[in-house]
2 protein chains.
Amino acid sequence: MKNAVRATYRLAVEPSQLDARVEALRYEQTVDLPPAAVTDPFVRDEILPSVAGVAEDPRGGFRVTVAYPELATALDPAQLLNVLFGNSSMHADVELVAVTLTPALESRLGGPRLGAAGLRALAGGAGRALTCTALKPMGLSSKDLAALCARFARGGIDVIKDDHGLADHATAPFEERVTLCQAAVEEEVARSGRRILYAPNLVGTPEAIRTRLEFARHRGVRAVLVAPMLVGLPLLAELASASEGIAILAHPAFAGAQRIAFDALLGTLFRAYGADASIFPHAGGRFGLDLDTCRRLVGELRAPRDGLLATLPVPAGGMSVERVRELVAFYGTDCMLLVGGSLYVAGADLDRRVREFVEAVADASEAQGRGLP
Amino acid sequence: MKNAVRATYRLAVEPSQLDARVEALRYEQTVDLPPAAVTDPFVRDEILPSVAGVAEDPRGGFRVTVAYPELATALDPAQLLNVLFGNSSMHADVELVAVTLTPALESRLGGPRLGAAGLRALAGGAGRALTCTALKPMGLSSKDLAALCARFARGGIDVIKDDHGLADHATAPFEERVTLCQAAVEEEVARSGRRILYAPNLVGTPEAIRTRLEFARHRGVRAVLVAPMLVGLPLLAELASASEGIAILAHPAFAGAQRIAFDALLGTLFRAYGADASIFPHAGGRFGLDLDTCRRLVGELRAPRDGLLATLPVPAGGMSVERVRELVAFYGTDCMLLVGGSLYVAGADLDRRVREFVEAVADASEAQGRGLP
C-alpha cells in the first residue's frame, strides 16, 4: 500500500484467537462496523487497512503491523491518534508498540521547528551534553524560585525549566514567576556572556496556554516546557506551529495512562508533533524502562527523516550526578541531561553540587569526544 | 484535610513494599523531589498530600487513597490531571481507580452545561430511553452520509451522531457534511414535528475545533461529539464553557482506560469536565467492562452533586437491538442507547431495523415504567 501509516500492535492473545482479533482490529480502527455492514467498494478498497506483517512477540503473544491508508487520517493530528489507537486502546490485551508515519503526515505535523540543533544554538554548550534542571517544589514563592533559578544559572546549568507541576499557583503565579525567573537568567547572561535558557511550564486549557506562551515570548523567553498528554497531543502540533523561535521541551507526565510503548509515544509521536526536546525516564531511575527501550526511543528522536529535524533526547526521571558519565557514554554528547532531586538533596550545599554536575558533564563529554569509556 | 482532592490508586505491590511506595507516590505527584530535599515548612504542610486510607484490594495489592491539597491543582483543568496521575501514570503497577473533586474544582470545571435533562429537552423522548446511532463508515461522501442521516431521522432515532472517525476527510469534508446532514435532520423535524439532533464530530487541534464548533452553531447544530482523550481533556472544559446551548457528547476513543478505571475517567472526570452525555462500552460488548464497572460509572454520572448537572449515560460498544430490553432494565429510561453496527448489518433492510430499534426502546421503556422486567 502506498502512503500507508504503519502501526505495530502487540496482541497478547492465544494463537487460536489471532486471526479473528487482527480482523477485528482492522475494522475497529477505521470503519467501526461489522464486516457484513461494509459493502461500499471504495470503503473496502481505500479505507480498510491491510495487514503488513504478523510475528510472534518474544514477550508472548504477537506483533501485528497494520498499514492504514493515509486517507483515513484526514491528515489531522487528532484523527491520526484515533486511527492509531482510538477504540483499540480500550482493549486490555492490545498495546501500540511502533508507528511509521507518511511524508505527508510528517509534513502536516511539522516535527520540531528548532530541533536538537536549534535548541543547542539557543542554549550553547557546543561539543558536550547540555545540562538541565528544574525549579521546584510547588509551594515556593516566585521570588524563591527566581532565587533558585539565579543560583542554577550562576552554577553553569544550560537550561533551567519549571517543574512540570508548576501551574498558575497562587503561591507563584505564572506571570510573576516568568518575569522574575527570566530576569534572573538574563542577569546572569549579561554578567557571564553565557547562553542560558529559562523554560516556563505551559499547563492549562488551550486558550490559557496560548495566552501564557505570548506572555512568555514578550518577556524574552526562548524555551517552554509542555506535557503533551496532559494538555492534549494535538495542541503540541498547534504550539509548534505558533512557536516562532521558542524551543519546546516535551514532558512525559500522564503519558503512562495510555498503553502505548514509551519509544513510540515519547519518541516517534512527540517528535512528529513538534517537540524540540523530549524528556523521558532513563533506565534504572524511578520508572521501569529498560535500556533497549531507551535505545529505541533515542533512535526515534534522532533517525534521519526527510523534512523532520531531530529532537534532542533528555534522559531524566531520577538521574544523579554520579550517573553522568554512564549517561554520556550511552547517549553521546548530543543530548541534555536533566538532574533535579540529586541536586536538591544537597540542601545548603546546592551551589557546590550544581558545579559538580556541570563539571561532570563537561568531563564526560570530553572523555566521550576522545573515545574514552 | 479540608478542600482535599481524593484519589484512590491500586498499587499492585507486595506488602513489604507498600509503605515505601505510598511515600514515593505522595512525593512524585506533588513536589517531585526526594523527601530529604523538601525542607520548606509551607511546602511540607500545605502541598504534600496525606494518606486518607489504605486497604487490601480484592484483586490483589492495595487500594490507597491520597488526599491532595486543592492548592496543588491551582484549580487548573490540566494541572489537576497532573496531580492525579502525572508521573505515576508511568509506573506500570499503579492504577488510578477513583477520584473525588472539591466543590471549588467542580465549580471551576463547571460540569455539564445542559446535562442529562438539558439534552433530553433538546432531543425529546420524554419518559423513555433515548435512541442514538452513528453515521459511518468513513469513506462515504457527504451526500451518502446525509442520505443515511435522513433515513435514521425518518426512522425515529433521536440523536444521530457522526462516527468518531469522521474528521475533515476529503471524501466528506466537515463543512459540507455538517451542512447536508443538519439540513436532512431539519427537513424531518419540519415534516414530523419531532425533535431530532444531529451531532457532528469535532476532532482536530484546538483551533480547528473552535472554528468547526462555530460553523456548526451557525448551521443550527445543537449537539456535538468529541473524544476528550484524543483532543485533550482540558479542551473539553474549554468547549463546555463555549458551548452555549450546544450539548456535548463525549466519546471514549483513546481513553485507553486500562490504568485509569473506566468509571473514574468516563464517569467522574468526563462529567466534571463538562460532558452532557458520556458514551462508554457496556458489559458484554466488544470491550472488557463488567457490570459492576458499568454500575459505578453510571453512578458517577448521575450522583447528585451540588452545582453539577447529571450527565446522560450512553451505553454502547457493540450493543444490539436484541439487547435493548436488558439495557433499559439495567440503566432505566434516563439514558440514551447507542446502536450502530447492529443496524448497519441489515443492509438493504436498514429502515426496518431502525424501526425495530426505536420500537424496542419505546416498549422496553414502557415496560420499565410499569415495573416489568
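Here, every reference points to the structure presented above.
These lines cover the structure that appears in this document, whether it is placed above or below. What you see is a predicted model; the values in this text were computed from it and never measured.

Quick look at the overall build of chain A now. Looking only at helices and strands, one finds 16 helices and 13 strands in chain A. On C-alpha atoms alone, chain A measures out to a radius of gyration of 22 Å, which is about the 21 Å that the 2.2 N^0.38 rule sets for 373 residues. Viewed in the frame of its principal axes, chain A has a C-alpha envelope of about 70 × 45 × 35 Å. In chain A, which comprises 373 residues, the share counted as buried stands at 63%. Total accessible area computed for chain A in this model is approximately 12,700 Å², and 52% of it derives from carbon and sulfur atoms.

Turning our eyes to something else, we now look at the sheet that holds strand β12 (residues 312–316) of chain A. Residue and element names in this part refer to chain A. If you walk across this open sheet you meet the 5 strands as β8-β9-β10-β11-β12, and the pairing is parallel. Edge strands, defined here as strands with exactly one partner in the open sheet, are β8 (201–202) and β12. Pairing geometry for strand β11 (residues 277–281) and β12, over 5 bridges, is parallel. Each residue of the ladder has a partner; that of S278, found in β12, is P313.

The next thing to look at is the sheet that holds strand β3 (residues 62–69) of chain B. All names here are of chain B. A sheet is described by the order of its strands in space; here 4 strands give the open sequence β2-β3-β1-β4, paired in antiparallel fashion. Only two strands of the sheet have a single partner each, and these edge strands are β2 (50–56) and β4 (94–100). Strand-to-strand twist across the sheet, computed as the mean angle between neighbouring axes with direction ignored, equals 20 degrees.

Between the two chain copies there is a screw-like relation: a rotation about an axis and a shift along it. Mapping chain A onto chain B calls for a screw motion: a turn of 180 degrees about the axis and a shift of 0.0 Å along it, with 0.1 Å RMSD after fitting. Those values place the two copies in the arrangement expected of a two-fold rotation axis. Looking at chain A, 99% of its interface residues are interface residues in chain B too, so the copies touch through the same face.

A word on helix α1 (residues 15–28) of chain B. Residue and element names in this part refer to chain B. Between the first and last C-alpha of α1 there are 20 Å, a value that for 14 residues agrees with the 20 Å anticipated at 1.5 Å per step. Burial in α1 covers these residues: L18, R21, V22, L25, R26, Y27 and E28. For α1, the secondary structure elements touched by its buried residues are β1 (4–11), β2, β3 and β4.

On to the packing of aromatic side chains, then. All names here are of chain A. Considering all chains together, one arrives at 10 aromatic pairs over all chains under this definition. Grouped by ring-pair contacts, the aromatic residues F280, F330 and Y331 constitute a single cluster. We note R212 situated over the ring of F174; from NZ or CZ to the ring centre the distance is 5.7 Å.

So, about the pattern of salt bridges. Per the stated rule, a full pass over the model turns up 58 salt bridges over all chains. Notably, a salt bridge pairs R305(A) with E106(A), separated by 3.2 Å at the nearest N-O pair. Here R305(A), found in the loop between α13 (291–302) and β12, pairs with E106(A), found in helix α5 (residues 103–109); they are 199 residues apart in sequence, far enough to count as distant. Owing to a relative accessible area of 10%, E106(A) belongs among the buried residues under this scheme. For K136(A), the salt bridge is made with D32(B), and the minimal N-O distance between the two is 3.4 Å. Taken together, the positions of K136(A) in the loop between β5 (130–135) and α7 (142–155) and D32(B) in the loop between α1 and α2 (41–46) put the pair across two chains. Of the residues examined, K136(A) reaches a relative accessible area of 6% and is grouped as buried. Connected through shared salt-bridge partners, R10(A), D57(A), R59(A), R63(A) and E95(A) make up one network.

Time to look at the environment of R212(B). Among the secondary structure elements, R212(B) is positioned in helix α9 (residues 206–218). Sequence separation between R212(B) and E244(B) is 32 residues, and the spatial gap between their C-alpha atoms is 15 Å.

Residues and elements named next belong to chain A. Taking 1.5 Å of rise per residue, the 12 residues of α13 would be expected to cover 16 Å, and the 16 Å separating its terminal C-alpha atoms lies within 8% of that figure. Taken together, the buried positions of α13 are occupied by T293, C294, L297, V298 and L301. All buried residues of α13 lie within an arc of 130 degrees about the axis, which places them on one face of the element. Elements in contact with the buried residues of α13: α12 (262–273), β11, β12 and α14 (324–331).

What follows covers the interface of chain A and chain B. In this complex, chain A contributes 74 residues to the contact, which on the side of chain B involves 73 residues. At the boundary of chain A with chain B, total buried surface from both sides reaches about 6,100 Å², with 64% on carbon and sulfur atoms. Per-residue buried area on chain A facing chain B is highest for M90(A), M138(A) and F254(A); these three make up 12% of the total on that side. Counting across the chain A and chain B interface gives 6 salt bridges. Among the ionic pairs, D76(A) bridges to R212(B), the shortest N-O distance being 3.7 Å.

Residues and elements named next belong to chain B. In this structure, D162 sits in strand β6 (residues 159–162). For D162, the side chain forms a polar contact with the side chain of Y198, separated by 2.9 Å. One polar contact links the side chain of D162 to the main-chain amide nitrogen of N201, over a distance of 2.9 Å. Setting aside chain neighbours within four positions, we find D162 in contact with A134, L135, R177, Y198, A199, P200, N201 and L225.

All names here are of chain B. Both faces of strand β9 (residues 223–226) are covered, namely the face carrying A223 and L225 and the face carrying V224 and V226. As paired strands, strand β8 (residues 201–202) and β9 are joined by 2 bridges and run parallel to one another. Each bridged residue has a counterpart across the sheet, and for N201 the counterpart in β9 is L225. Chirality of the crossover, the property in question, places the unit of β8, α9 and β9 among those that are right-handed. Here β9 runs beside strand β10 (residues 247–250); their pairing, made up of 4 bridges, is parallel. Residue pairing across strands places A223 opposite A247, the latter belonging to β10.

Take the nonpolar core next. Ranked by size, the top nonpolar core spans 234 residues in total, and within it Y9(A), F152(A), Y273(A), Y9(B), F152(B) and Y273(B) carry the most contacts. Here this core takes 8 residues from helix α12 (residues 262–273) of chain B, the largest share from any one element.

Okay, unusual backbone geometry next. Negative phi is the rule for most residues except glycine; trans is the rule for most peptide bonds. Residue and element names in this part refer to chain A. Put simply, K136 and P137 share a cis peptide bond, and its omega is 0 degrees. Positionally, P137 belongs in the loop between β5 and α7. Even without a glycine there, the phi angle at D32 is positive, about 55 degrees. On the basis of relative accessible area, D32 is assigned to the buried category, the value being 10%.

Definitions and cut-offs
Residue positions within a chain follow its written sequence, with the count starting from 1. Ligands are numbered from 1 and chains lettered from A, in the order in which they are written. With pLDDT at 70 or above as the cut-off, local features in this predicted model cover only qualifying residues; side-chain atom pairs require 80 or more to be listed or tallied, and sums for whole chains, interfaces and linings still use all residues. Note that the side-chain values use all heavy atoms of the structure and ignore hydrogens as well as water. Each helix is a run of DSSP H or I of at least 4 residues and each strand a run of E of at least 2, with the numbering of both proceeding from the N terminus. In this treatment the radius of gyration is a C-alpha quantity, and the globule benchmark scales as 2.2 Å times the residue count to the 0.38 power. We call a residue buried when its accessible area falls under 20% of the maximum for its residue type, exposed when it is over 50%, and partly exposed in between, using a 1.4 Å probe and counting protein chains only. The Shrake-Rupley method, run with a 1.4 Å probe, gives the accessible areas here. Residue values count only the displayed protein chains as cover. Being paired, for any two strands, means DSSP has found at least two bridges between them. Note on method: axes are straight lines fitted to C-alpha atoms, helices fitted across the in-contact stretch only, with angles between N-to-C directions ranging 0 to 180 degrees. The atoms used to superpose the copies are C-alpha atoms, taken from residues with pLDDT of at least 70 in both, and the fit is least squares. Should any heavy atoms of two residues lie within 4.5 Å, those residues are considered in contact. The length a helix should cover is 1.5 Å for every residue beyond the first. Only Phe, Tyr and Trp rings take part, Trp by its six-membered ring, and two of them pair if their centres are within 6.5 Å. Stacked means planes under 30 degrees apart, edge-to-face means over 60, and tilted covers everything else. The criterion for a charge sitting over a ring is simple: Lys NZ or Arg CZ within 6 Å of the ring centre, and within 35 degrees of the ring normal. One side-chain nitrogen of Lys or Arg within 4 Å of one carboxyl oxygen of Asp or Glu is enough to make a salt bridge. In this description, the arc belongs to the directions extending from the helix axis to the C-beta atoms. Buried area: the accessible surface (1.4 Å probe) lost by two parts on joining, summed over both. Polar contacts, as counted here, are pairs of nitrogen or oxygen atoms within 3.5 Å of one another; within protein the pair requires one atom able to donate a hydrogen and one able to accept it, and residues that are adjacent in sequence qualify only if both atoms are side-chain atoms. When the strands point away from the viewer and the path from the first strand over the helix to the second turns clockwise, the crossover is right-handed. What makes a nonpolar core is a set of buried Ala, Val, Leu, Ile, Met, Phe, Trp, Tyr and Cys residues whose side-chain atoms join them at distances within 4.5 Å.

Interpretation in functional terms is not warranted from these geometric data alone.
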